[in-house]
Amino acid sequence: MIRLLQVELQRLAARKVIWLTLIAAIAISGVVVGGVFMQARSIDLARSGFDQQYQDMVQQVEQDRASCKVEEERERRQSGDAGLDFGCDGITAPTVEEMYPELPSLEEMYRQLLTGLAYPFMFLSLAMGSTGVAAEFAHRTMGAWLTFVPRRTPVFLSKVGAAGIASIPLAIAGLGVLLLGLPAVFRWFRLDDAVTGAQWVSLGWMSLRIIALTVFAGIFGAALAFVLRHSGLVIGAIVGYLVLIEGILASILGWLSPYALGHNISAVVQHGTSWVTWNPNCNFDAQQNCEVVHTLSLTHGIIVLAVVLVGALLAGWARFFWSDID
């Protein structure tokens, strides 16, 4: 089994898809860090007086206030009412803080961005895992494995296991760009980058959970590829599920929401999650609190995702074990 896993990992490493997904993960994190850099740069330029757009706006507001005062003075002379007030002093430009809101703290920024990056990392891992397996069915090379090892269960386990292991560098590379890039941006613009030891520990566990979810997605994609035998069908099935089940049906049938993949993935990433719905029977006119807060724990998320993964593995194994390869 170990030998099979090693051979499968070597085969995956020779494929372009694993390197393309790795580059894509690094690029996604790089774009995110670049966005934070541009936001911090805009704030820094505005505070330093070098943001031309902000300076033009301030100058225009000052001209409008001066014109207002001229009109106010003219009207006072014509009407003879010295107390006439056009409210010119209320014409003021927004401050730099109002124009460019403060960046969150480094710890808050990490949490926001890590939560968002979990989903593209999982998608890339799923695409890699499904492509690696589906390509063998498409090129009719799966039979060669059974000639090498005429037992289907070890072959199946080696392929789904290799897809999960190959997902780890993808997640580590993407997370590494973010975890190293954000402090560099904060220090470049002299922003407070203080993070306590307890916060670093919490962020570390959050990153490990994202890596685990990426491994989950790789194994899940490989298992679905054994069922559908085409990477396009796997991705199409996932997109269809997200749109029809989680996007439409779960919003109509509220009892489905706790079992939706999106909520349970968020629960794992964030160590518990919550969302708000509205009580349809609530009396809005009576000023009742019509918000209903739903919460999911980390344990709930792990259990639901584990059940989904086991179901996909059993379906993939059954299809591979009992059906013809070609």
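Residues numbered from 1 in each chain as written. Predicted model: local features only at pLDDT ≥ 70, side-chain atom pairs only at ≥ 80, totals over all residues. Heavy atoms only, no water.

**Here we look at the packing of aromatic side chains**
Throughout the structure, instances matching the rule amount to five aromatic pairs. Arranged with centres 5.0 Å apart and planes meeting at 65 degrees, the rings of Phe226 and Phe320 form a pair that is edge-to-face. Of this pair, Phe226 sits in helix H8 (residues 197–228) while Phe320 is found in helix H11 (residues 298–322), placing the two residues 94 residues apart along the sequence. Assigned by exposure class, Phe226 and Phe320 land together as buried. (Phe/Tyr/Trp six-rings, centres within 6.5 Å; stacked < 30°, edge-to-face > 60°. Helix = DSSP H or I, 4+ residues; strand = E, 2+ residues; numbered from the N terminus. Buried < 20%, exposed > 50% of the residue type's maximum accessible area, 1.4 Å probe, protein only.)

**As for the pattern of salt bridges**
For the structure shown, the criterion picks out one salt bridge. With its nearest N and O atoms 2.4 Å apart, the salt bridge here joins Arg111 to Glu107. On the criterion of helical spacing, the pair formed by Arg111 and Glu107 is a turn pair, its members being four residues apart in helix H5 (residues 106–138). Taking relative accessible area as the criterion, Glu107 reaches 13% and is therefore assigned buried. (Salt bridge = Lys/Arg side-chain N within 4 Å of Asp/Glu carboxyl O.)

**Observations regarding unusual backbone geometry**
Positioned with a positive phi, Arg229 is a non-glycine residue whose angle comes to about 65 degrees. By the element assignment, Arg229 lies in the loop between H8 and helix H9 (231–252). Look at His271: it is not a glycine, yet its phi comes out positive at around 60 degrees. Mapping His271 onto the fold places it in the loop between helix H10 (261–269) and strand E1 (273–278).

**Some remarks on a nonpolar patch on the surface**
On the surface, a cluster of nonpolar side chains totalling about 1,000 Å² of accessible area is made up of Val239, Leu242, Val243, Leu244, Ile245, Ile248, Leu249, Ile252, Leu253, Trp255 and Tyr259. Here Leu242 is to be found in helix H9. With a relative accessible area of 43%, Leu242 lands in the partly exposed category. (Patch = residues over 30% accessible without salt bridge, like charges linked within 9 Å, V, L, I, M, F, W, Y side chains within 5 Å. Areas by Shrake-Rupley, 256 points an atom, 1.4 Å probe, with all protein chains shown as cover.)

**So, the confidence of the model for the chain**
Overall, the predicted model of the chain reaches an average pLDDT of 82, with 87% of residues at or above 70. Taken element by element, the chain is modelled with least confidence in helix H6 (residues 142–148), mean pLDDT 65, and with most confidence in H8, mean pLDDT 92. (pLDDT = per-residue confidence, 0-100.)

**Comments concerning H9**
With 22 residues, H9 extends 30 Å between its outermost C-alpha atoms, agreeing within 8% with the 32 Å of an ideal straight helix rising 1.5 Å per residue. Restricting attention to buried positions, one finds in H9 the residues Val234, Ile238, Glu246 and Ala250. On the buried face of H9, the contacting elements are H5, H8 and H10. (Expected span 1.5 Å × (residues − 1). Contact = heavy atoms within 4.5 Å.)

**Some points on the packing of helix H7 (residues 152–188) against H8**
It is at 7 Å that the axes of H7 and H8 come closest, and there the two elements cross at 145 degrees. In terms of crossing hand, the pair formed by H7 and H8 is right-handed. Of the residues in H8, those in contact with Phe156, Lys159, Val160, Ala163, Gly164, Ser167, Ile168, Leu170, Ala171, Ile172, Leu175 and Leu179 of H7 are Ser207, Ile210, Ile211, Thr214, Val215, Gly218, Ile219, Ala222, Ala223 and Phe226. Across the contact of H7 with H8, the residue classes tally to 16 nonpolar, five polar and one charged. (Axes fitted to C-alpha atoms, helices over the stretch in contact; angles between N-to-C directions. Left-handed = near helix turned anticlockwise from the far one by under 90°. Nonpolar A, V, L, I, M, F, W, Y, C, P; charged D, E, K, R; others polar.)

**Details of the packing of H8 against H9**
Contact pair H8 / H9: the axes reach a minimum separation of 9 Å and the direction vectors enclose 110 degrees. Considering the angle they form, H8 stands roughly perpendicular to H9. The handedness of the crossing between H8 and H9 is right-handed. Here H8 contributes Phe220, Gly221, Leu224, Ala225 and Leu228 to the contact with H9, which in turn contributes Leu233, Val234, Ala237 and Ile238. (Parallel < 35°, antiparallel > 145°, perpendicular 65-115°, else oblique.)

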